[in-house]
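A closer look at the structure
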Amino acid sequence: MSALSVEFEDVFAGRPDPLESGAADLVTAADAIERATESLRALVDGQESLSTDVIAETASQVARSLSRARRRYRSTGQALQSFAVALRPIQRDAQAALASAEYYEGKTYTLPGEIRRREGDLLRADAVEAPQWQIDQIEDDLGRLRQAQGNAQSELADARQALQSAREKIWAIADTAISAIETAIEDGRDSAWDNWNQFWEQAAGWIGEWAASVLKGILEFIGQVLAVLVAIVIVILLIVLVAIVLAVIVAAIGWVALAVIAALLVGALLLTFLIRDGLRSPKGPIIDKSKDFPQIKRPSDADSANSDDQYTSEDYGDLFEEIGRQDGRGGEEMTVIRVIAITDADGAVIGYRVQLPSTQNWSPFNTDGALNDLSADAMLALFPGLETQYEKAVWDALERAGVFENDAPILLTGWSLGGMMAGEISTDPRISGRVESIVTAGSAIDKHASEIDPSVRVTQVNNILDPVHHLELVGYDGEDERGSNWQVYSPFDWRIHNADMYGELADDLVPAVRPGDEVFFADDVEGTYEQVYEMGYTRG
């Protein structure tokens, strides 16, 4: 680390991405408190008896307290979000200024020596009465070097000024955020109201422990019931819409004709999928970044921690978010597969983490885009024994990453379709004896339960509202029961099916990796690094 980096390290101390995510959680908490407040007021709305008047007054006091907490949560979250958004471009510009400053600072150290050497050359040339052209050349060199020295000093001064300006801008936006947060909390600094569970412990003191416990449970239950009701209403509306469309079509052509047309369309589509995936191989790797990635540690230990390419996970939450970024890099055009070799200090591989992307291309007519498309979804659900182009690409990536050159253990992971593919290949004889862990989110993998070795650690995070993990379809039967080594978490989230959502849920539910999985994350075993192999494929 250079002296300049140390001098201005405070400019780069903040991490806007995690800060913005945490601030968003505060705003989400404020929304949840608002819903709870409305539910609480609704409990006694319209009641007129003497006993309910007392309850209404108590509930009103509770609601007002919750409302204050909501304002503090929302204002604090919004202040931090604004700070994170403003911090990101400041740090980006400061990073460029630091690189410039370090470059020109180096020049200010080397140029004086070069000038002295050429001055010595000029003295010697004069002493031996060298030809004039040689003296002129030395003098021209001296002129350029002195000009370069002046430029370097000027550029260094400008870069230092830019870094100081960045520091002052950060102070300014920090002061703004602090002022907003202080304003938000000045009307009540008692933290008991700011925590849902602490609040109900406080409430128990003046409405009775039993009543507080019951009321808290009622409100939490109401929140879940409301979410389920909304989901049901949406489904009903969709069913009604489909029914109306079908009624119009049936009135025009009749049920038999509709059934025949539907069967022909579905059959033609499945036949197309079967031919495309069963008879052809993928193109690739179109990209192969295997040689571009250095051995890296965790984000906190790497200078390039905020870069997607250099980002490395330390737990399951990080893992799902990293795969989400992996999805984004491939998009509809390309399937990006990552194989991470965990190596020890001597470079020996002690474990592999295989990260498989989710569905990104939803076109049924996709012929040259990403392999992780609607066709792969249908084939994996309806014909699990078929080796799709997506699966062929996975085996190619494993081979290119050197997985078959040793017997190191394997962790397979993915969310949605990626998790389904992880379950599919986990039972293949080529690697089944080496698979020690499977980590999925929102993925239907129970159909493989009877085939997966009971010793394999299976970790699933499945949002209650997410329908995808229920789509087992062909291959699932009564023998597919989860073993004792399966850990399944079923949280509740409105976002239904989202990589970042699953990352946040995993952080809350499984903050530390399961015993035995440490080997698949750099630095969980001391002195280990991650060697990343990233390859991209398209349909052939």
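Structure report, in brief. (Residues numbered from 1 in each chain as written. Predicted model: local features only at pLDDT ≥ 70, side-chain atom pairs only at ≥ 80, totals over all residues. Heavy atoms only, no water.)

Quick notes on the overall build of the protein chain
The secondary structure content of the protein chain amounts to 12 helices and eight strands. Looking at the protein chain as a whole, 43% of its 540 residues are labelled buried. Across the protein chain, every contact between residues at least 6 apart in sequence was considered, and the portion connecting residues at least 24 apart equals 77%. Surface summary for the protein chain: the accessible area is close to 27200 Å², and the carbon and sulfur share equals 57%. (Helix = DSSP H or I, 4+ residues; strand = E, 2+ residues; numbered from the N terminus. Buried < 20%, exposed > 50% of the residue type's maximum accessible area, 1.4 Å probe, protein only. Contact = heavy atoms within 4.5 Å. Areas by Shrake-Rupley, 256 points an atom, 1.4 Å probe, with all protein chains shown as cover.)

Topic: the nonpolar core
Core analysis: the largest hydrophobic core is formed by 38 residues, its most contacted members being Val339, Leu356, Tyr390, Val394, Leu412, Ile425 and Ile438. When residues of this core are traced back to their parent elements, those giving at least two are strand S2 (335-343), strand S3 (349-356), helix H9 (374-382), helix H10 (389-400), strand S4 (410-415), helix H11 (417-426), strand S5 (435-441) and strand S8 (529-538). In terms of residues, this core owes the most to one element, H10, which gives six residues. If sequence neighbours within four positions are ignored, Val339 has contacts with Tyr352, Arg353, Val354, Ala397, Leu398, Ala401, Val403, Gln531, Val532 and Tyr533. Phe320, Ile323, Tyr502 and Val510 belong to the second-largest nonpolar core, a separate cluster that totals 19 residues. (Core = buried A, V, L, I, M, F, W, Y, C linked by side-chain atoms within 4.5 Å.)

Remarks on the side chain of Asp466
As for its position among the elements, Asp466 is in the loop between strand S6 (457-461) and strand S7 (486-489). An unpaired buried charge is present at Asp466: no salt bridge exists, and Arg495, the closest side chain of opposite charge, is 11 Å distant. Excluding residues that lie within four positions of it along the chain, Asp466 makes contacts with Gly442, Ile496, His497 and Tyr502. (Lys, Arg positive; Asp, Glu negative; His and termini not counted. Salt bridge = Lys/Arg side-chain N within 4 Å of Asp/Glu carboxyl O.)

So, a negative patch on the surface
A surface patch of like charges, here negative, comprises Asp126, Asp136, Glu139 and Asp140. Top element by residues in the negative patch is helix H4 (residues 132-185). It accounts for three residues. Here Glu139 shows up in helix H4. (Patch = residues over 30% accessible without salt bridge, like charges linked within 9 Å, V, L, I, M, F, W, Y side chains within 5 Å. Charge placed at Lys NZ, Arg CZ, Asp CG, Glu CD.)

A short note on helix H8 (residues 316-330)
Look at H8: 21 Å from first C-alpha to last across 15 residues, which is about the 21 Å you get at 1.5 Å a residue. With respect to burial, H8 is a largely interior element, 11 of its 15 residues being buried. Within H8, the full set of buried residues consists of Tyr316, Gly317, Asp318, Leu319, Phe320, Glu321, Glu322, Ile323, Gln326, Asp327 and Gly330. Buried residues along H8 sit against S2, S3, S4, S5, S6 and helix H12 (499-509). (Expected span 1.5 Å × (residues − 1).)

Comments concerning the sheet that holds S4
In space, the eight strands of this open sheet follow the order S1-S8-S2-S3-S4-S5-S6-S7, with mixed pairing throughout. In this open sheet, the two edge strands, each paired with only one partner strand, are strand S1 (283-288) and S7. For this sheet the average axis-to-axis angle between neighbouring strands, irrespective of direction, equals 15°. Looking at chain direction, S3 and S4 are connected through five bridges and run parallel. Bridge pairing in S4 links Tyr352 to Ile410. (Pairing = 2+ DSSP bridges. Axes fitted to C-alpha atoms, helices over the stretch in contact; angles between N-to-C directions.)

Description of the pattern of salt bridges
For side chains bearing opposite charge, pairing can occur when the charged atoms are close. For the structure on display, the rule yields 19 salt bridges. Notably, a salt bridge pairs Glu119 with Arg146, separated by 2.7 Å at the nearest N-O pair. Here Glu119 is found in helix H3 (residues 50-127), whereas its partner Arg146 is found in helix H4, with 27 residues between them in sequence. Glu119 sits in the partly exposed class, given a relative accessible area of 30%. For Arg146, a relative accessible area of 42% gives the class partly exposed.

Examining the packing of H9 against H11
For any two helices packed against each other, the geometry is given by the interaxial angle and the distance between the axes. It is the contact of H9 with H11, at a shortest axis distance of 11 Å, that shows an interaxial angle of 40°. Considered as vectors, H9 and H11 are oriented oblique to each other. Along this stretch, H9 crosses H11, giving a crossing that reads as left-handed. Listed contacts from H11 to Ala376, Asp377 and Leu380 of H9 are Leu417, Met420, Met421 and Glu424. A class-by-class count of the residues in the contact of H9 with H11 yields five nonpolar, no polar and two charged. (Parallel < 35°, antiparallel > 145°, perpendicular 65-115°, else oblique. Left-handed = near helix turned anticlockwise from the far one by under 90°. Nonpolar A, V, L, I, M, F, W, Y, C, P; charged D, E, K, R; others polar.)

Overview of a nonpolar patch on the surface
Taken together, the side chains of Leu241, Val242, Val245, Leu246, Ile249, Ile253 and Ile261 make up a nonpolar region of the molecular surface, amounting to roughly 550 Å² of accessible area. Here the nonpolar patch gets six residues from one element, more than from any other, and that element is helix H6 (residues 209-253). Summarising the element assignment, Leu241 is placed in helix H6.

A word on the side chain of Asp373
On the secondary structure map, Asp373 appears in the loop between S3 and H9. The class for Asp373 is buried, based on a relative accessible area of 0%. Among residues more than four places away in sequence, those in contact with Asp373 are Arg276, Thr359, Asn361, Asn366, Leu417 and Arg539.

Remarks on the packing of aromatic side chains
Following the criterion strictly, the structure yields five aromatic pairs and no others. A ring pair is formed by Trp415 and Tyr502, whose centres lie 6.3 Å apart and whose planes are at 50°; its orientation type is tilted. With Trp415 in strand S4 and Tyr502 in helix H12, this pair connects stretches of sequence that are 87 residues apart. Across this residue pair, the class does not change: Trp415 and Tyr502 are buried. (Phe/Tyr/Trp six-rings, centres within 6.5 Å; stacked < 30°, edge-to-face > 60°.)

A closer look at the packing of H10 against H11
Where H10 contacts H11, the two axes come as close as 11 Å, and the packing angle between them is 70°. Considered as vectors, H10 and H11 are oriented roughly perpendicular to each other. Every pair of crossing elements has a handedness; the one defined by H10 and H11 is right-handed. Every residue of H11 that contacts H10 at Tyr390, Glu391, Val394 and Trp395 is listed here: Leu417, Gly418, Met421, Glu424 and Ile425. For the contact of H10 with H11, a count of residues per class yields six nonpolar, one polar and two charged.

Some details on the environment of Glu391
Positionally, Glu391 belongs in helix H10. Put simply, Glu391 and Leu380 are 11 residues apart on the chain and 9.6 Å apart in space, counted from C-alpha to C-alpha. In this structure Glu391 touches Leu386, Met421, Glu424 and Ile425, once residues within four positions along its chain are discounted.

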